[in-house]
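Breakdown of the fold
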Amino acid sequence: MSVVFALATPPAKSAICVFRVSGPGCFRGLSKLIKGSKYTIGNFHVKSFFGATGLIDKAGLVVFSGPNSYTGEDSFEVYAHGGLAVMSSFVKAFKGVGFEEAVGGEFTKRAFLNNKISLHEAEAVVDLIDAVDEKEVMLAGRSLFGGLSRDIVELAESIDLLRVRVEAEIDFSDEGNEYFDESLVDDLLIVKNNVVSFINGCVNKKNRFQKNNILLVGPVNSGKSSVFNRLLGFERAIVSDMPGTTRDIISSELFYESNTFSVFDSAGLRNTKDFVEEAGIKNTLNEIKNTDLVVGVFECYKKSVIDEFKNLAEENKFVCIQNKIDVNAKEEDFFDCCVSAKTGEGFDILKEIIVNCFDSKADKKKYNYLVRERHENIFKGVVFSLSSACEGLDQSTSLELVAEDLKNARSGFDELVGKKFSDSLLGDIFKSYCIGK
Amino acid sequence: MYLLTELDFTNKNNKKYIIYILKYINIMNEYDVIVVGGGHAGLEAAYAVDRIGLSCALVTLRKQSIGQMSCNPAIGGLGKSHIVREIDAMGGLMPIATDMSGIQYRTLNTRKGDAVQALRVQCDRKLYKQAAQKIIKKTNIEIIEGEVEDLVVEGKKVKGVVTDKNIVKGKRTILTTGTFLNGRMYTGEEIETGGRSGDLSSIPLSKKLYQLDIPMGRLKTGTPPRIKLSSININLMEEQPGERPTPWMSLNERPKKHQKQLSCFITRTNKTTHEIIKKNTHLSAMYSGNIVGIGPRYCPSIEDKVNRFKNKEGHQIFIEPEGINKDLIYPNGVSTSLPKDIQLEFIQSIRGMRNAIITEYGYAVEYDFIDPRIIKPTLEAKFLQGFYLAGQINGTTGYEEAAAQGLIAGINAANSIKKKDEFILERDEAYIGVLINDLTNHGITEPYRMFTSRAEHRLLLSQNNAEQRLLLKAHNLGLISSKRKEEFLLKEKKYKKFFNSILKKTKTKTFIDNKNKTKHLKENKNLYQLLSRPDVNPNRLYKPKKHEKSLYDRSVVEIKYKGYIEKQLREIKKTKKQNNKKIPTSFDYSSIEGLSNEAKEKLYQYKPRTIGDANIIEGITPAAINLILIYLKKAELLEQNA
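The rules we used
- Residues numbered from 1 in each chain as written.
- Chains lettered and ligands numbered in written order.
- Predicted model: local features only at pLDDT ≥ 70, side-chain atom pairs only at ≥ 80, totals over all residues.
- Heavy atoms only, no water.
- Helix = DSSP H or I, 4+ residues; strand = E, 2+ residues; numbered from the N terminus.
- Buried < 20%, exposed > 50% of the residue type's maximum accessible area, 1.4 Å probe, protein only.
- Contact = heavy atoms within 4.5 Å.
- Areas by Shrake-Rupley, 256 points an atom, 1.4 Å probe, with all protein chains shown as cover.
- Rg over C-alpha atoms; globule rule 2.2 N^0.38 Å.
- Lys, Arg positive; Asp, Glu negative; His and termini not counted.
- Charge placed at Lys NZ, Arg CZ, Asp CG, Glu CD.
- Pairing = 2+ DSSP bridges.
- Axes fitted to C-alpha atoms, helices over the stretch in contact; angles between N-to-C directions.
- Phe/Tyr/Trp six-rings, centres within 6.5 Å; stacked < 30°, edge-to-face > 60°.
- Left-handed = near helix turned anticlockwise from the far one by under 90°.
- Nonpolar A, V, L, I, M, F, W, Y, C, P; charged D, E, K, R; others polar.
- Salt bridge = Lys/Arg side-chain N within 4 Å of Asp/Glu carboxyl O.
- Patch = residues over 30% accessible without salt bridge, like charges linked within 9 Å, V, L, I, M, F, W, Y side chains within 5 Å.
- Polar contact = N/O pair within 3.5 Å; in protein donor to acceptor, adjacent residues only side chain to side chain.
- pLDDT = per-residue confidence, 0-100.
- Parallel < 35°, antiparallel > 145°, perpendicular 65-115°, else oblique.
- Expected span 1.5 Å × (residues − 1).
- Right-handed = clockwise from strand over helix to strand, strands pointing away.
- Core = buried A, V, L, I, M, F, W, Y, C linked by side-chain atoms within 4.5 Å.

1. Looking at the overall build of chain A
Within chain A one finds 17 helices and 14 strands. Split into buried and exposed, the 437 residues of chain A put 52% on the buried side. Once local pairs closer than 6 in sequence are excluded, the contacts in chain A between residues at least 24 apart make up 63%. Summed over all atoms, the accessible surface of chain A reaches about 19,700 Å², with 51% contributed by carbon and sulfur.

2. Some points on the overall build of chain B
Within chain B one finds 17 helices and 24 strands. For 642 residues, the compact-globule estimate of 2.2 N^0.38 gives 26 Å, and chain B sits close to it at 27 Å. Counting contacts in chain B only where the partners sit at least 6 residues apart, residues at least 24 apart contribute 70% of the total. Carbon and sulfur atoms form 49% of the exposed surface of chain B, whose accessible area is close to 28,400 Å². Counting 104 positive and 71 negative side-chain charges, chain B places the averaged centre of each group 6 Å from the other.

3. Let's talk about the sheet that holds strand S6 (residues 102-108) of chain B
Residues and elements named next belong to chain B. The three strands lie next to each other as S5-S7-S6, forming an open sheet whose pairing is antiparallel. Strand pairing shows two members of the sheet lacking a second neighbour, strand S5 (74-76) and S6, which therefore form its edges. Going from strand to strand, the sheet's axes swing by 20 degrees on average, the running direction of each strand aside.

4. Quick look at the environment of Phe 309 of chain A
Topologically, Phe 309 of chain A is positioned in helix H12 (residues 303-312). Taking C-alpha positions, Phe 309 of chain A is 31 Å from Ser 88 of chain A, a pair spaced 221 residues apart along the chain.

5. Things to note about the environment of Pro 584 of chain B
The topology assignment puts Pro 584 of chain B in the loop between helix H14 (549-579) and helix H15 (597-606). Of the residues examined, Pro 584 of chain B reaches a relative accessible area of 41% and is grouped as partly exposed.

6. A word on the packing of aromatic side chains
All names here are of chain A. Per the stated rule, a full pass over the model turns up 25 aromatic pairs over all chains. Ring geometry for Phe 198 and Phe 379: centres 5.1 Å apart, planes at 75 degrees, overall edge-to-face. With Phe 198 in helix H8 (residues 183-200) and Phe 379 in helix H14 (residues 373-394), the pair connects residues that are 181 residues apart, well separated along the chain. On the basis of relative accessibility, which here comes to 7%, the residue Phe 198 falls in the buried class. For Phe 379, a relative accessible area of 0% puts it in the buried group.

7. Brief notes about the packing of helix H11 (residues 466-477) of chain B against helix H12 (residues 482-503) of chain B
Helices that pack against each other are described as a pair by the angle of their axes relative to one another and the distance between those axes. Residues and elements named next belong to chain B. Following both chains from N to C, one finds H11 and H12 inclined at 145 degrees, their axes separated by 10 Å at the closest point. When you trace H11 past H12, the crossing you get is left-handed. Along its contact with H11, which presents Glu 467, Gln 468, Leu 471, Leu 472 and His 475, the element H12 presents Ser 482, Arg 484, Lys 485, Phe 488, Leu 489, Lys 491 and Glu 492. Counted by class, the contact of H11 with H12 contains four nonpolar, three polar and five charged residues.

8. As for the sheet that holds strand S14 (residues 216-222) of chain B
Residue and element names in this part refer to chain B. Reading across from one edge, S13-S12-S21-S14 is the order of the four strands in this open sheet, with antiparallel pairing throughout. Among the strands making up the open sheet, the edge pair consists of strand S13 (190-193) and S14. Sheet twist, expressed as the average angle between the axes of neighbouring strands with direction ignored, equals 25 degrees. Both S14 and strand S21 (residues 364-370) contribute to a ladder of seven bridges, which runs antiparallel. Bridge pairing links Gly 222 to Ala 364 in S21.

9. Re the pattern of salt bridges
Residue and element names in this part refer to chain B. For the structure on display, the rule yields 39 salt bridges over all chains. A salt bridge links Asp 164 to Lys 165; its shortest N-O distance comes to 3.8 Å. The partly exposed category is assigned to Asp 164, whose relative accessible area is 26%. Two residues, Asp 535 and Arg 533, come together in a salt bridge whose shortest N-O distance is 3.2 Å. Three or more residues joined by partner-sharing salt bridges are found here, namely Asp 513, Lys 519, Arg 533 and Asp 535.

10. Some thoughts on helix H3 (residues 94-101) of chain B
The element H3 of chain B is largely enclosed, with a buried count of seven among its eight residues. Every buried residue belonging to H3 of chain B is among Met 94, Pro 95, Ile 96, Ala 97, Thr 98, Asp 99 and Ser 101 of chain B, and all of these are buried.

11. With respect to a negative patch on the surface
A surface patch of negative charge is lined by Glu 178, Asp 181, Glu 182 and Asp 186 of chain A. Summarising the element assignment, Glu 178 of chain A is placed in the loop between helix H7 (148-171) and H8.

12. Considerations on the side chain of Glu 77 of chain A
Residues and elements named next belong to chain A. Looking at where Glu 77 falls in the secondary structure, it is placed in strand S5 (residues 75-81). Reaching out from Glu 77, the side chain makes a polar contact with the side chain of Tyr 79 at a distance of 2.6 Å. Those residues in contact with Glu 77 that lie beyond four places of it in its chain are Phe 19, Arg 20, Gly 60, Leu 61, Val 62 and Phe 64.

13. Concerning the confidence of the model for chain B
Mean pLDDT over chain B works out to 89, with 94% of the residues at or above the 70 mark. As scored by the predictor, the complex reaches a pTM of 0.73 and an ipTM of 0.85.

14. Let's talk about unusual backbone geometry
Geometrically, the link from Gly 66 of chain A to Pro 67 of chain A is a cis peptide bond, its omega value of 5 degrees lying close to zero. With respect to the element layout, Pro 67 of chain A can be found in the loop between strand S4 (54-64) and S5. Here the bond from Arg 244 of chain B into Pro 245 of chain B is cis, since omega is -10 degrees, no more than 30 degrees from zero. Along the chain, the position of Pro 245 of chain B falls in the loop between strand S16 (238-240) and strand S17 (264-268). Backbone geometry at Lys 35 of chain A places phi at a positive 55 degrees, although glycine is not the residue there. For Lys 35 of chain A, the location among the structural elements is in the loop between helix H1 (26-33) and strand S3 (44-51). Positive phi, close to 55 degrees, is recorded for Lys 419 of chain B, a residue that is not glycine. Within the secondary structure, Lys 419 of chain B is located in the loop between helix H9 (399-417) and helix H10 (431-442). Under the relative-accessibility criterion, Lys 419 of chain B is labelled exposed at 75%.

15. Notes on the side chain of Asp 88 of chain B
Residues and elements named next belong to chain B. Along the chain, Asp 88 turns up in helix H2 (residues 80-89). As a buried residue without a salt bridge, Asp 88 has its nearest oppositely charged side chain in Arg 484, at a separation of 4.1 Å. Residues contacting Asp 88, with those up to four places away along its chain left out, are Pro 95, Met 249, Ser 250, Leu 251, Asn 252 and Arg 484.

16. Remarks on the packing of H2 of chain B against H9 of chain B
All names here are of chain B. Contact pair H2 / H9: the axes reach a minimum separation of 9 Å and the direction vectors enclose 30 degrees. In terms of orientation, H2 and H9 fall into the roughly parallel class. For H2 against H9, the interelement crossing comes out left-handed. On the side of H2, the interface is formed by Lys 80, Ile 83, Val 84 and Ile 87, while H9 contributes Glu 400, Glu 401, Ala 403, Ala 404 and Leu 407. The residue inventory of the contact of H2 with H9, partitioned by class, reads six nonpolar, no polar and three charged.

17. Comments concerning helix H2 (residues 84-96) of chain A
One turn of the α-helix equals 3.6 residues, which is why residues spaced by three or four share an orientation. Residues and elements named next belong to chain A. Between its first and last C-alpha, H2 extends 18 Å over 13 residues, near the 18 Å set by a 1.5 Å rise per residue. Restricting attention to buried positions, one finds in H2 the residues Leu 84, Val 86, Met 87, Ser 88, Phe 90, Val 91, Ala 93 and Phe 94. Positive backbone phi, approximately 95 degrees, marks Gly 98, located one or two places after H2.

18. A closer look at the pairing of strand S3 (residues 26-36) of chain B
Residues and elements named next belong to chain B. Of the pairings in the sheet, the one linking S3 to strand S11 (residues 166-175) comprises eight bridges and is parallel in character. Opposite Val 35, over in S11, you have Ile 174 as the bridge partner. Crossover handedness for the path S3 to helix H1 (residues 40-52) to strand S4 (residues 56-60): right-handed.

19. Regarding the nonpolar core
The biggest cluster of nonpolar side chains holds 110 residues, and the ones touching the most others in it are Ile 75, Met 90, Ile 174, Leu 209, Phe 387 and Ile 432 of chain B. Among the elements that take part in this core, H9 of chain B stands out by supplying 11 residues, more than any other. Excluding its chain neighbours within four sequence positions, the residues that come into contact with Ile 432 of chain B are Ile 83, Glu 86, Ile 87, Met 90, Ala 404, Ile 408 and Leu 425 of chain B. By size, the runner-up hydrophobic cluster in this structure holds 29 residues, among which are Leu 162, Val 191, Val 195 and Val 382 of chain A.

20. Some thoughts on the environment of Gly 443 of chain B
All names here are of chain B. Topologically, Gly 443 is positioned in the loop between H10 and H11. Judged by relative accessible area, which is 8%, Gly 443 ranks as buried. Expressed as a C-alpha distance, the spacing of Gly 443 and Ile 616, which sit 173 residues apart in the sequence, is 13 Å. Other than its neighbours up to four places away in sequence, Gly 443 contacts Asp 371, Pro 372, Arg 373 and Asp 438.

Next comes the structure, spelled out in structure tokens:
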């Protein structure tokens with residue numbers, strides 16, 4: 001078992017926050033964090049915690065030795081000051097010593113697996129981890145989800161059909177059959193677009209009721225990331241790091257006047273031939289579709305550039321700000337707001353503007369489906385794999401890598417519609433093509 | 001000693017008798033391992049036992065049939081050359097015999113990447129057999145001719161076999177009887193008993209196995225008619241010459257030079273052919289209802305093809321030469337069990353075959369197989385100790401699949417005598433691992449053949465990296481010499497050096513991309529970084545010196561797959577520990593709340609041994625696996641508290 005940690009208190013600004021850490025070997029990590037300072041098991045200590053960049057916080061510490069702990073493993077709890085910056089620093093420091101973020105129910109599961117909770121409680125854990133088969137929740141609850149199950153099954157099957165052609169070409173190329181032609185690229189694009197539009201019709205519970213999505217865009221070097229960090233009041237994301245780290249979009253939550261916002265920092269947009277950058281830009285463009293407010297960050301006024309970004313935002317609300325007023329002259333006539341990420345000047349106004357944007361936001365997007373956040377991430381992973389397959393075909397990469405991307409894409413749907421096993425895929429190949437010398 | 005045997009006998013009036021025969025039987029020395037069957041599984045098993053240094057007897061019906069290729073005369077091909085190279089990395093016989101008899105070499109899928117490229121070798125049927133026998137002759141394997149009629153069973157342990165002439169005692173017995181178990185051959189309405197044209201089938205032994213109450217089933221497979229080469233006009237067909245320069249199957253032990261290389265030819269069936277077949281389909285043994293066995297979906301008879309794919313105007317026929325100076329071809333693609341006159345009629349309707357002379361007619365063969373779910377991953381039977389099953393008897397098809405099982409059975413039989421650990425290859429280590437894992441977990445619904453798509457970790461398992469995956473293991477098992485190991489390590493060292501000194505140190509600012517355009521970079525990048533880019537054309541990036549060619553090729557592949565492989569390895573690592581968790585056979589799935597009925601049914605049906613096995617059952621979701629894990633723990637707790 002690895003060492004896992006989790007924030008035991010809500011990820012919001014509060015007087016105190018509690019982290020739990022558990023797993024064999026966690027004491028070694030702890031020693032690094034408190035620079036070898038001594039402690040006794042079961043007693044309350046106040047210790048200085050250090051991260052890579054120095055002192056994080058003076059915080060309370062209680063150490064439990066397995067099996068006499070909640071999880072039955074060696075573990076400890078940290079009672080830190082409840083600022084978001086502190087939380088973020090702890091998360092970073094924990095990861096820095098090799099701890100992993102726990103998934104939901106992980107602590108209880110460990111406690112159960114280490115015989116720490118009774119059978120009666122264990123039944124409750126079963127409910128907790130998975131009350132009903134995921135598939136049943138997602139697909140049997142038709143009244144709740146409407147056509148969701150049908151849509152997902154269709155998407156999965158459309159990927160299966162692509163795989164049949166690609167795998168047949170790999171395994172039966174010497175049979176004298178034509179399995180596909182250039183139309184495969186078009187078909188793949190259609191499937192990808194279908195998944196994308198499906199995702200656009202989904203909203204996860206968390207986003208729907210709590211978060212308002214803000215995306216920062218702008219030319220390269222306009223200081224988006226600094227604005228991002230300044231807006232959040234600390235460096236980068238805390239517990240709500242979005243999975244799917246392959247995207248170049250970094251997100252974090254912002255708490256302001258009891259509102260929760262999700263802020264996304266995107267890669268800079270410019271005309272480029274560079275392959276890697278292009279991928280990042282594609283992500284940004286996709287992200288715009290899921291956004292409620294697009295904030296354009298610019299260094300100085302240039303109409304053509306600003307208009308370009310305005311167009312990208314489409315029907316989304318667009319706020320245009322000037323950054324770096326600590327070095328450049330303010331151009332208040334042209335911008336909604338002028339700020340300096342470096343000094344923090346103008347950020348109060350910016351935050352007000354943002355809050356007002358959401359209050360007056362009358363035209364809410366229409367969504368078809370309400371899904372869990374985890375599923376939404378899975379769907380995004382599917383799109384990523386499909387995009388990679390498209391690029392592969394476009395770059396005439398070897399077919400087995402395209403096949404791998406398609407397999408990965410399909411596996412995203414596995415837990416919802418069931419795995420597609422190779423034997424059943426082969427069966428489809430034999431049904432579709434006359435194989436057999 | 002004298003042995004009393006029973007024989008069922010039915011006379012003309014349908015009266016049944018049991019005849020008791022008392023006969024003198026010679027008891028022979030005890031061997032470490034007895035291998036029954038001299039096919040590809042049997043040979044590889046015996047050869048492995050011999051290399052490990054234990055005594056081995058190979059019992060076969062006919063000495064001259066040892067190493068016979070009973071289907072088409074080719075080794076390798078997609079998914080299969082991967083297996084042969086794995087056998088090669090472990091010092092097996094098949095790749096060596098292949099190179100001693102190869103008359104045409106061809107790499108398939110050359111336009112695709114390394115992992116799915118495969119070498120196919122046409123062999124001279126006679127030379128292959130001779131090569132195999134020659135290799136075996138050099139070993140200490142004792143060959144005993146005879147028909148195995150019974151097993152010597154003491155308690156739950158097999159201690160040898162009874163042939164028609166001898167009792168052969170052995171600490172371990174490996175059964176590799178192929179299609180010989182209760183084999184029946186069908187041509188139209190004609191039925192013959194036998195496992196291969198011209199050979200006997202082993203009815204008494206299959207009866208014995210049925211008596212042991214082992215779950216068995218019946219499978220079928222087909223063969224095409226064999227045709228005189230001199231009677232066909234190859235000028236009317238498309239020629240497919242071999243690859244130049246001619247590669248080798250074995251990366252290790254090769255003859256000085258290749259055999260004379262021959263071409264294959266391609267022709268097609270046509271409308272007339274299809275009409276003849278359609279008109280007479282009802283006469284085919286497969287359609288007459290006589291055959292109950294299940295045939296492979298990927299190897300349909302021409303009757304099946306014509307009837308199932310009605311819109312297809314022609315089916316490809318691959319003309320394989322049977323050998324050098326041999327007036328015979330194997331028309332791959334027209335296996336049939338139609339009556340003889342119809343076979344001749346449709347064959348002669350095919351382009352280039354108007355005057356074809358058939359020397360041996362096609363037939364369907366039906367045979368017994370043992371449900372492989374009753375064998376362990378070591379290939380030892382769960383119900384009888386010291387008794388191993390390998391090859392087509394386990395429901396597979398193909399020489400390569402058989403040989404692979406023979407190898408694993410041989411290794412494990414020897415290891416168990418030497419009290420060493422079980423030898424099991426994982427799905428991410430070898431196609432052989434995929435094969436045996438599939439067989440022992442899922443059983444089969446049709447003759448099992450390997451395809452690259454069966455291996456979920458396909459990118460890890462190239463035919464060109466088999467040595468890197470398996471050679472050291474083979475050395476630990478005693479299958480290969482220390483000299484070969486040293487040579488291998490030296491090669492690896494060279495590669496590493498090339499990688500670190502050339503790839504990481506050679507830098508450039510420009511490269512040529514896939515579309516042959518020159519691209520400029522902002523700063524110098526080394527070859528390693530550039531090869532990681534999907535748009536770089538590796539052939540135009542670096543001109544390797546002659547001795548660097550194979551090293552460079554390998555690095556190009558490894559770098560190209562790097563990202564994907566790392567992802568796969570992460571997944572493997574993540575699940576490995578959990579996957580190894582054992583599930584007791586008596587585990588009560590019905591008590592698991594929240595588990596769908598479908599999942600419960602599947603779990604009861606397959607009785608997975610471990611969480612890993614459960615994970616690869618169709619219809620078992622990750623959530624279901626979580627539930628099983630939790631209830632496993634619960635069961636453990638209950639036991640402790642009781």
